[in-house]
Amino acid sequence: EEAIGKNISILKSGLHGDELFREILDTVREDRVWRGDICTRKKDGESICELISASPIKTLDGEITNSIFVKIDDVERKRAEEALWKSEEKFRSISASAQDAIIMKDNDGNISFWNNAAEKIFGYKEEEVMGKNLHKLLSPQRYHAVNMPAFEQFRKTGKGNIVGATVEVEALKKDGTEIPIELSISAVKLDGNWNAIGIIRDVTDRKRVEEELKAAKEAAEAASRAKSDFLATMSHELRTPLNAIIGFSEILIDGIEGELTEEQKKDVTCIHSAGNNLLCLVNDILYLSKIEADKLSLENNP
């Protein structure tokens, strides 16, 4: 009794323009059903959003005389849509700030998602790649013979040799150059079809550092081998004159007894002792150099 005879405008929330209501009216007058979301106002002034279906009411002669609005309280659907929207916004914010490329391809192998990092790594803008075949766009030709059969298996089962794993491969940039990448793939089922999500990291800098470290290690090892070879050679060269010094000093001490003064004998003994000490040191250096050069041979003696 509060509503009968009142203009339907008492239900307007003020959140929609007049053009929406003209659209509804024109649709009903054309003998069609209008369906959509409308926010209306309750008696206490609170706005509620509802799913509304507007249909024409006709006489037996087909004349449209009235219209009927069926309102369905759709709060739960609105909440679900809002939660979904927030979830999508959160994902887009995370993917936009990620340093790794996040790329998604659908069941046909076409790109369906492309974040900012993917643009920086590969050089393609989002509008250039959406709907394009990922393998033909980013994968070098030499991989196609393996990738295509593997993708056919993935389309049917969501499984593959590299699904759930991390591998290192090469990929093509927009300018045609190849870069080394680290690729992790996971499978997700959407609308009954398997889709693939790839997390991609450009490892060009890491590979360059690894090559530099490898080259530096090889250079250091070569220098160490050269040092060891030098020491081994020089040790032999030093032992020959030392043996002569030690031998002739022994002859002087033992063979010319009484012909040397005490001072001379003391000097020759000093030469002999120093020569022996130096020979021991040279032998130690020779053993160490052989160990470093992997040339040391062991002898068993009682």
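Presented here is an overview of the structure given in this document. Since the model is a prediction, treat every value here as computed from it, not as a measurement.

**Section: the environment of E250**
- Relative to the assigned elements, E250 resides in helix α7 (residues 204-255).
- Relative accessible area serves as the criterion here: at 36%, E250 is assigned to the partly exposed category.
- C-alpha of E250 to C-alpha of K156: the two residues are 94 residues apart in sequence and 92 Å apart in space.
- A polar contact is formed between the side chain of E250 and the side chain of H272, at a distance of 2.9 Å.

**Digging into the state of the cysteines**
- This model, assessed by the stated rule, comprises 1 disulfide.
- Covalently, C39 is tied to C49 through a disulfide, its sulfur atoms 2.3 Å apart. When the S-S torsion is 70°, as for the bridge of C39 with C49, the disulfide is right-handed. Of this pair, C39 sits in strand β1 (residues 34-41) while C49 sits in strand β2 (residues 47-58), and the two are 10 residues apart along the sequence.
- Between C270, a free cysteine, and C280, which holds the nearest cysteine sulfur, the sulfur-to-sulfur gap is 15 Å.

**Details of helix α1 (residues 18-29)**
- For α1, spanning 12 residues, the distance from its first C-alpha to its last is 17 Å, which sits close to the expected 16 Å at 1.5 Å a residue.
- Buried within α1 are the following residues: L20, I24, T27 and V28. Considered in projection along α1, the buried side chains sweep an arc of 100° and stay on one side of the axis. Across from the buried face of α1, at angles greater than 90 degrees, the exposed residues are E19, R22 and R29.
- Looking one or two residues beyond α1, the residue adopting positive phi is D31, at roughly 65°.

**Overview of the sheet that holds strand β4 (residues 101-105)**
- Strand order in the open sheet formed by 5 strands is β5-β4-β8-β7-β6, and the pairing between neighbours is antiparallel. Among the strands making up the open sheet, the edge pair consists of β5 (111-114) and β6 (166-172). Taken pair by pair, the neighbouring strands of this sheet meet at an average axis angle of 35°, ignoring direction.
- Two elements, strand β7 (residues 178-190) and strand β8 (residues 193-202), share 10 bridges in a ladder whose sense is antiparallel. Residue pairing for β8: S184 is matched across the bridge by I199.
- Along the sheet face, helix α6 (residues 144-157) touches β4, β7 and β8 and points at about 125° away from the line of β8.

Criteria and cut-off values
- Residues numbered from 1 in each chain as written.
- Predicted model: local features only at pLDDT ≥ 70, side-chain atom pairs only at ≥ 80, totals over all residues.
- Heavy atoms only, no water.
- Helix = DSSP H or I, 4+ residues; strand = E, 2+ residues; numbered from the N terminus.
- Buried < 20%, exposed > 50% of the residue type's maximum accessible area, 1.4 Å probe, protein only.
- Polar contact = N/O pair within 3.5 Å; in protein donor to acceptor, adjacent residues only side chain to side chain.
- Disulfide = S-S within 2.5 Å.
- Expected span 1.5 Å × (residues − 1).
- Arc of directions from axis to C-beta.
- Pairing = 2+ DSSP bridges.
- Axes fitted to C-alpha atoms, helices over the stretch in contact; angles between N-to-C directions.
- Contact = heavy atoms within 4.5 Å.

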